[in-house]
Structures are given as structure tokens and as C-alpha cells.
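Summary of structural features
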Amino acid sequence: MMMRALLMAAVAASACTWADVAAAQQVDAAAPGAAPAAPETGGEILVTAQRREQSLQDTPVAVTAITNDMLKQRVVVQVQDIAASTPGLQITPVTASPNAIAISMRGALEVNGGSITSESPVAMYIDDVYQSRLSAANYDLADIVRVEVLRGPQGTLYGRNSMTGAVKLITRQPNGEKWVNTDVSYGTFEEVKAKVSAGAPLGEHIAIAASGFYDVRNKGWQYNESLKTDVGKWHKYGAQVAVGITDVPGLEAVLTGRYGASLTDGQYFVPLNLATNESLLGNFYNTNTPRKQYGNARQDSVSLRLGYDFGAVTLRSITAYSHLSDKLSLDFSGGYTLPGTNQVVTGFNRQSIAGQHQFSEELQLLGKAADGRLNWIAGMFYYDEDAHQSFIKDDFAAFGLTFLPSTYSTVSKSLAFYGQADYKLVDALTVSVGLRYSDDKKSFDSLTPNAAGPNALLVPGSNAFKAHVWTPRFNIQYDINPDTMIYATISKGYRAGGFNSLVVANPSIFGSSYRPETAWSYEAGLKAQAFDRKAQLNVAAYYETLSDLQTLADAGGGSFIFQNAAKARVWGVESELTLKPVRNLSLFGSLTYTHDKYAELDPSTQAAQSGAYRLPLLSRWQYQVGGNYTVPIGDDELVMAGDFSYRSKFFTTVSLSPYSLMGPIGRANASVTYKIDGGRVELYVQSKNVLNSKDYFTGFDFIPGVFGYKLPMEPRTVMGGFRFKY
């Protein structure tokens, strides 16, 4: 309780300071004869965190908003790059394929993204359509207007698996205007990338918006010593077409189809010297697996967004269907040399084929009343998923073992009802109350061998469970002045339970279930602007309790299971600052401190037995600093941008194995863009990891005393290209 009070006091002190500055600015601006100064912030950012369009600074939610220009300047090209610009968020490729991600925010994490049974604590949305599978979530950001990252439980308005936050990708929609944008580039590792988007009216009240991308990398950034070839290549492509009704008062109708494919030569681990915790090959990036790997994901989807404004209320429907196919092969040893020989084998190699079908329907009713003092929303959400996965070939060549295939399928159904009302008691004070009820049903059917070898018995299994969850939200918002707002929120979020599937020949735990995980959060925040809105500071301080914490434990023999291991407490402070000190110069920064502690540990779990004292995938400190400077050159402009992000040490396993201790990690990006003809033509050079930092983002002694691995981050890359806008 004392820590909670200290956090709230810190936010209140910041609010008072910024309120005084903002008030002084208003007095100066109101001086007789003074001309109003034009803001130089580059425009107001609008977000939809509360399911309606609001200014970022008027939204009483901790939100990080990244515009299209920011994405380009910070060299954010896929989902995992978003984390560097978001306080408290960590996203890395997971040990499955380059298409899958592991994600962590405010103490909750998911590191099993390659399995169809995984459930993320951070919900992913594309144009308000829920994306359930992390196995293909490392999307290329081809035609994104804005990214919104909602931090903290979003259990009322977003529900399922938004326990500690949500990531929303917003694409460009048809609006009746004509436009063509192209972006072609070439760079390191013979990478060729092309993106195009276009929009046009198709008639008096119908329009189209279409986009596509193609990205091929012909050379790899790692070297495989056994296969004597470079690895880390890919071939990615995709398209989106949206057709919508325009200029019909009150009517909203958009039909969208998407397709994306990411075909890679897989993920390659660096074999670990267990005595030194360094690369067994003496090279930071080299791998040694003797088998070609792959990681291929294809996803197609269609969605229909309908809405009508009746005046007093607006009715909206979001209907979506998607299909995902995923194939991967991965050697968890990076190449294992049999003792007493020079023969290199795959220590443990898994080949997987998975597929998923998902249908969702959301109905929303939104309205205003009491002369605009009351905003309300009521809704229903239905979700139906059928998925299947087969481990078609598991080889434990380190021990000369092979296994018959394991297959399993899951069915997940969820039905939720929710509502939220915001009422302005007085002009400066707004209170909000929301509640959601969720009903989850899940089933699991499987067939798995009971031992190694071709003569093992295939044992059938099945399991099922139900869960009923209430997730309320209470919020109070006070506008100190037009440029300074403080808020306080109490909210609950949850992550669905699931079934254990990362199991090798052990029917007793294959398909065993684990319970939903919940989070209660107590948060206070400040959003302030000063100096004619040239400076902007957003601060959020929170105290969070996690119950039935889902932790991934090593069950031995290559098997891993989720355990509801603990209760935990996580608290922290997240801050974001933007500043425009002089004309043509923009600066930004973020700073995050996070503290975590187990409040209660089940003594039967690996976390307790290994003496764990911290949560995995959580850094104490995280920050980013950067900016951009524009140099006018006649009618043209030269824009120079750069940023540096830092994350302190973190563990990647619940046991806090020393082999899983990563970091600290510090990486810089930079870009130079020459804009011609008012930005219609752009010539640019951009670099990720411009300082060529060498970092690993995960590691583990997979079979203790036998072999382990580390997985490196990419070295420096440079891309040069041009953009054309019409």
C-alpha cells in the first residue's frame, strides 16, 4: 500500500509542476495585444483506445502512438521493432520460426508463440480484428497509418487476452481520394523490398484502397559450418484490398481482404559451450546444425465492418474470418557433436505443421446523452477457433532416439458482453465505469506416443474446461487546464487458460490444462503539454497484482509445461517525452522502471524449486532517446533522424538459469531522407543497429549438462531507396 501511495504521489507532483508551467504559458498567451502562436507539434494524434476517436492527450489510458512518419524515421519495419518505442513492452522472435514472437508487458509474458495452444497476455489487433496466433504475428508493417499500444489491463473494452495490454495496427482505409505511394529499396544481404499502396473512387459512393509488398533477402546473416552456407534468408509478400462506401451520411461499410506469406529458411541457434556460456564455435553468429531448417507461414483473412449513425446512437458490426498455415523445422541444439567423434547431428530437431481457422463477430452500440456529458458503449463479442498441429518428426539424435508423430487439435469458443459509460460530472471532472463478462470454452484432443521408437504405442487423449471471468474498470479523469490532465484507473484483465502441448512422448502431461491468469491494476497517470504544445509529457505509474501466474517450466526430456505457479506483484513508472525546442528540431524519449516480486509460489513448481526471485522477460530499466532535424535546401528538405534504445538485463526462463541471462542490450537506428517537391519524391538511406551491436535475446541449456543454445539478434543492416507519392 505504501508503494502504491508513493507512485500516486509522484504522478501528482509531476501534474502540479506541469500544470504551473502550462498555466504560465496561458497567461503569457492571453496578454493584451499578443498574437496567438501557431503550434509546431506537427499535428494532433488521434487514437481509438476507448473504441471511439479521441486525442491522445485527452484519453485517460496509457497509450503509445506511433505514426507512419515515426515508423519510417525509427526504422520500424515489423511488429518486433515496436517494442523499442514502447515503455514496458518486450517483443522478440520466439524459439519456433522467424515469423513467431514472444511478448511481455508489465510482468505477463508468452514464450510459446509457435504452438496453437499459446495464449498471449497482450492482445493483437489489425483494424479492430483480434489476431489470436503469435506463430505468424511478426507482421511486416507495409501500409500502416498508425500503431497504438495500450498499456495496462484492457479487460473491459478488449477482453480476451488483453490482460496487460493490447497492440493495434491501423491500416489506410478507402476514403474516395486518389493516391499512389511507392517505396523501393535495396540493402544489406542483397535484400530487395518494394511496397505500393493506392486509393481511388470506383463510383460516386464507393472507393478502393489497396496495398502490397514484396521483400526478398538473398543472403543470410549467419553462417552454417556444417552445411557450409549462409542462412537467414527469406521471401515475403502480401496484399490487402479494401472496398468501402463513402460520402453516404451516417453509413460506414468496408470489406477488406488480406493475404500474407513469409517463407524463410528457418531459425538457426548458436550452439552453447556449457562451461563458458559462450558460442561453442568461437563465432558470435555461426551455427552448426547439419539439417536445413525452415519457417513458413501463410495467412489469409476477410473482414466486414458495418456501421450506421442513427443520431442518438451508432450501431457497428465487425465480422472477420481468417485462416493460418504454419510449417517449421528447428534444431534446438544448433548442431551437436557426438562425444568421442567428429559427427555433428541435430541434438533435438522438431518439425511441425499447424493450421488454424478463426471466426469472430463484434457488435457495438455507442451513444451520447445528457447534452454530450455522457458517452457510453455496449457490446458483444463472439470468437470461434479451430486449430490443429502435428509434430511430424521429433529426433533426439543426441541420444539416438526418434519418435512417432504427435498430433492434436483444439477448439476454443468465447462469448462476452460488455459496457462502459463515461460521465462528465463537471466540466473538468469525468468518471467512467465499465464491466465485461466473458465465457470461455476450450477442448483438446490428441494422439501421442508413450515412448521413443517405431514400436511405441500411440495414446489418445482429450481434455476440456470452462472459465467465466468478470473484468471491471473504474476511472476518474481531471482536467487541470486545457493542456494538463491527470487520471486514476482500477482495472482487471485476464488471459485464457490452455493445454500443454510442448511435450515429447509423455501422454500423462500432454494436453493437461492450466487455469486462466488474471491481473488487477491500480494506475495513476499524467498527460501534459506546455510551451505552446511544443513539449509533451505523459507519465503512468502502476501497481499490479498477478494471480494464477502462467509460467513455462522444464518437465525434462525435451518437454515443457505451463504451471499456475504463483501470485506476483509488479509496479513501475513509464514516461514519454516529446520536445520541439527550436524550429525544425524534434526530440523524443521514454524511460521505464519496472520492479517485480513473487508474492506467493506453489512449492511444487519449477519456479519455487529453482529459487526464482524475478519474473522472466522483464528488465528493470528501459529507455529510448532520439530525434530528427530538418534542413531546408531551397524548396527541398533534408531530414536526419536517429534513436538509441536500451534494455537492462533479463532472464528468459522461469528457473532463472544463468544460461538464460541476457543483456544489457543497446541498439541504435538512423535514417537520412532527402525530400523533393514537397515530399512527393524521397531518397533515403536507413540503418538498423547502426553501431553493429552484438546481442543475444534468448538462451537456454535445453538438456542440462548435454547441450544448450543462444539466439543472436541481427547485425547492422543498411537499406537505400526512394519513395514516390501521387
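Residues numbered from 1 in each chain as written. Predicted model: local features only at pLDDT ≥ 70, side-chain atom pairs only at ≥ 80, totals over all residues. Heavy atoms only, no water.

**Things to note about the overall build of the chain**
The number of helices and strands found in the chain is three helices and 45 strands. Dimensions of the chain along its principal axes, counting C-alpha atoms only, are 90 × 55 × 55 Å. Buried positions account for 56% of the 726 residues belonging to the chain. Sequence separation of 24 or more characterises 67% of the internal contacts of the chain that already satisfy a separation of 6 or more. Counting 62 positive and 66 negative side-chain charges, the chain places the centres of these two groups 3 Å from one another. (Helix = DSSP H or I, 4+ residues; strand = E, 2+ residues; numbered from the N terminus. Buried < 20%, exposed > 50% of the residue type's maximum accessible area, 1.4 Å probe, protein only. Contact = heavy atoms within 4.5 Å. Lys, Arg positive; Asp, Glu negative; His and termini not counted. Charge placed at Lys NZ, Arg CZ, Asp CG, Glu CD.)

**Some remarks on the confidence of the model for the chain**
With 94% of its residues at a pLDDT of 70 or more, the chain shows a mean pLDDT of 92. Note that residues 1-42 has pLDDT below 50 and, in this model, 56 contacts with residues that lie over four places away or in other chains. (pLDDT = per-residue confidence, 0-100.)

**Remarks on the nonpolar core**
One finds Phe269, Phe332, Phe348, Phe396, Phe702, Phe707 and Tyr709 to be the most contacted residues of the largest nonpolar core, which totals 32 residues. When contributions to this core are tallied by element, the ones reaching two or more residues are β21 (313-331), β43 (696-703) and β44 (707-712). For this core, the element with the most residues is β43, which contributes five residues. Residues in contact with Phe348, not counting those within four places in the same chain, are Leu330, Asp331, Phe332, Ser333, Asp394, Asp395, Phe396, Val504, Phe702 and Phe707. (Core = buried A, V, L, I, M, F, W, Y, C linked by side-chain atoms within 4.5 Å.)

**Re the sheet that holds strand β4 (residues 89-93)**
Reading across the sheet, the three strands line up as β4-β5-β6 and stay open at both edges, with antiparallel pairing between neighbours. One side of each edge strand has no neighbouring strand; the edge strands of this open sheet are β4 and β6 (108-110). Between one strand and the next, the sheet's axes are offset by a mean angle of 10°, whatever the strand orientation. As paired strands, strand β5 (residues 101-105) and β6 are joined by three bridges and run antiparallel to one another. Opposite Ile103, over in β6, you have Glu110 as the bridge partner. (Pairing = 2+ DSSP bridges. Axes fitted to C-alpha atoms, helices over the stretch in contact; angles between N-to-C directions.)

**Considerations on the pattern of salt bridges**
Opposite charge on two side chains lets them pair, provided their charged atoms get close. This model, assessed by the stated rule, comprises 39 salt bridges. A salt bridge links Lys219 to Glu190, with the nearest nitrogen and oxygen atoms 3.6 Å apart. Taken together, the residues Lys219 in the loop between β13 (206-217) and β14 (222-224) and Glu190 in the loop between β11 (179-187) and β12 (191-201) connect sequence positions 29 residues apart. Its relative accessible area of 41% is what places Lys219 among the partly exposed residues. With its nearest N and O atoms 4.0 Å apart, the salt bridge here joins Asp215 to Lys193. Note that Asp215 is positioned in strand β13 and Lys193 in strand β12, a separation of 22 residues in sequence. Across this residue pair, the class does not change: Asp215 and Lys193 are buried. (Salt bridge = Lys/Arg side-chain N within 4 Å of Asp/Glu carboxyl O.)

**Re the environment of Phe213**
With respect to the helices and strands, the residue Phe213 is situated in strand β13. The class of Phe213 is buried, set by a relative accessible area of 17%. For Phe213 and Ala451, which are 238 residues apart along the polypeptide, the C-alpha to C-alpha distance reads 46 Å. Look past the residues within four positions of Phe213 in its chain and what remains in contact with it is Asp140, Ala142, Ala194, Lys195, Lys236, Tyr237 and Gly238.

**Comments concerning the packing of aromatic side chains**
Counted according to the given criterion, the structure contains 35 aromatic pairs. Ring centres 5.8 Å apart and planes at 55° place the aromatic pair Tyr336 and Phe707 in the tilted group. In this pair, Tyr336 sits in strand β22 (residues 336-337) while Phe707 sits in strand β44, placing the two residues 371 residues apart along the sequence. Ring geometry for Phe381 versus Tyr383: centroids 6.5 Å apart, planes at 15°, classification stacked. Through pairs of rings, three or more aromatic residues link up here, namely Phe269, Phe332, Tyr336, Phe348, Phe396, Phe399, Phe403, Phe560, Phe700, Phe702, Phe707 and Tyr709. (Phe/Tyr/Trp six-rings, centres within 6.5 Å; stacked < 30°, edge-to-face > 60°.)

**Thoughts on the pairing of strand β45 (residues 717-725)**
As paired elements, β11 and β45 share seven bridges and run antiparallel to each other. Within β45, the residue paired with Gly187 across the bridge is Met719. Alignment of strand β42 (residues 681-688) against β45, held across eight bridges, turns out to be antiparallel. Within the sheet, the bridge partner assigned to Val681 lies in β45 and is Phe724.

**A look at a nonpolar patch on the surface**
Where nonpolar side chains cluster on the molecular surface, the patch consists of Leu202, Ile206, Ile245, Leu251, Tyr308, Phe310, Leu315 and Leu365 and spans about 670 Å² of accessible area. By secondary structure assignment, the location of Ile245 is in strand β16 (residues 234-245). Residue classification places Ile245 among the partly exposed positions, given a relative accessible area of 33%. (Patch = residues over 30% accessible without salt bridge, like charges linked within 9 Å, V, L, I, M, F, W, Y side chains within 5 Å. Areas by Shrake-Rupley, 256 points an atom, 1.4 Å probe, with all protein chains shown as cover.)

**Some details on the environment of Pro712**
Here Pro712 is to be found in strand β44. Of the residues examined, Pro712 reaches a relative accessible area of 3% and is grouped as buried. Through-space distance from the C-alpha of Pro712 to that of Thr698 is 7.5 Å; in sequence the pair is 14 residues apart.

**Things to note about the pairing of β42**
As a general feature of sheets, a regular strand has side chains that alternate between the two faces. Pairing between strand β41 (residues 665-676) and β42: seven bridges, direction antiparallel. Across the sheet, residue Ile676 finds its bridge partner in β42, namely Val681. Where β41 hands over to β42, the hairpin turn is made up of four residues, of which Asp677 adopts a positive phi near 55°.

**Brief notes about the sheet that holds strand β3 (residues 62-67)**
Spatially, β3-β9-β10-β7-β8 is the arrangement adopted by the five strands of the open sheet, whose pairing is mixed. Pairing within the sheet leaves two strands with one partner each, and these edge strands are β3 and β8 (129-131). If you compare each strand with its neighbour and ignore which way they point, the axes differ by 20° on average.

**Regarding unusual backbone geometry**
Cis geometry marks the peptide bond from Gly663 to Pro664; its omega dihedral reads 0°. Examined against the element boundaries, Pro664 turns out to sit in the loop between β40 (661-662) and β41. The residue Lys228 is not glycine, and still its phi comes out positive at about 55°. Mapped onto the secondary structure, Lys228 falls in the loop between β14 and β15 (229-231). The exposed category is assigned to Lys228, whose relative accessible area is 63%.

**Points about the environment of Val79**
For Val79, the position within the fold is in the loop between α2 (68-73) and β4. On the accessibility criterion, Val79 (0% relative accessible area) is buried. The contacts of Val79, once residues within four sequence positions are left out, are Ile91, Ile101, Met124, Ala137, Asn138, Tyr139, Leu141 and Leu169.

**Topic: the side chain of Lys492**
Within the fold, Lys492 resides in strand β30 (residues 484-495). The buried charged residue Lys492 lacks any salt bridge partner; its closest oppositely charged side chain belongs to Asp548, at an N-O distance of 9.2 Å. Within polar-contact distance, the side chain of Lys492 engages the backbone oxygen of Trp470 at 3.3 Å. When near neighbours in sequence (up to four residues on either side) are disregarded, Lys492 contacts Pro153, Gly155, Trp470, Thr471, Pro472, Thr518, Ala519 and Trp520. (Polar contact = N/O pair within 3.5 Å; in protein donor to acceptor, adjacent residues only side chain to side chain.)

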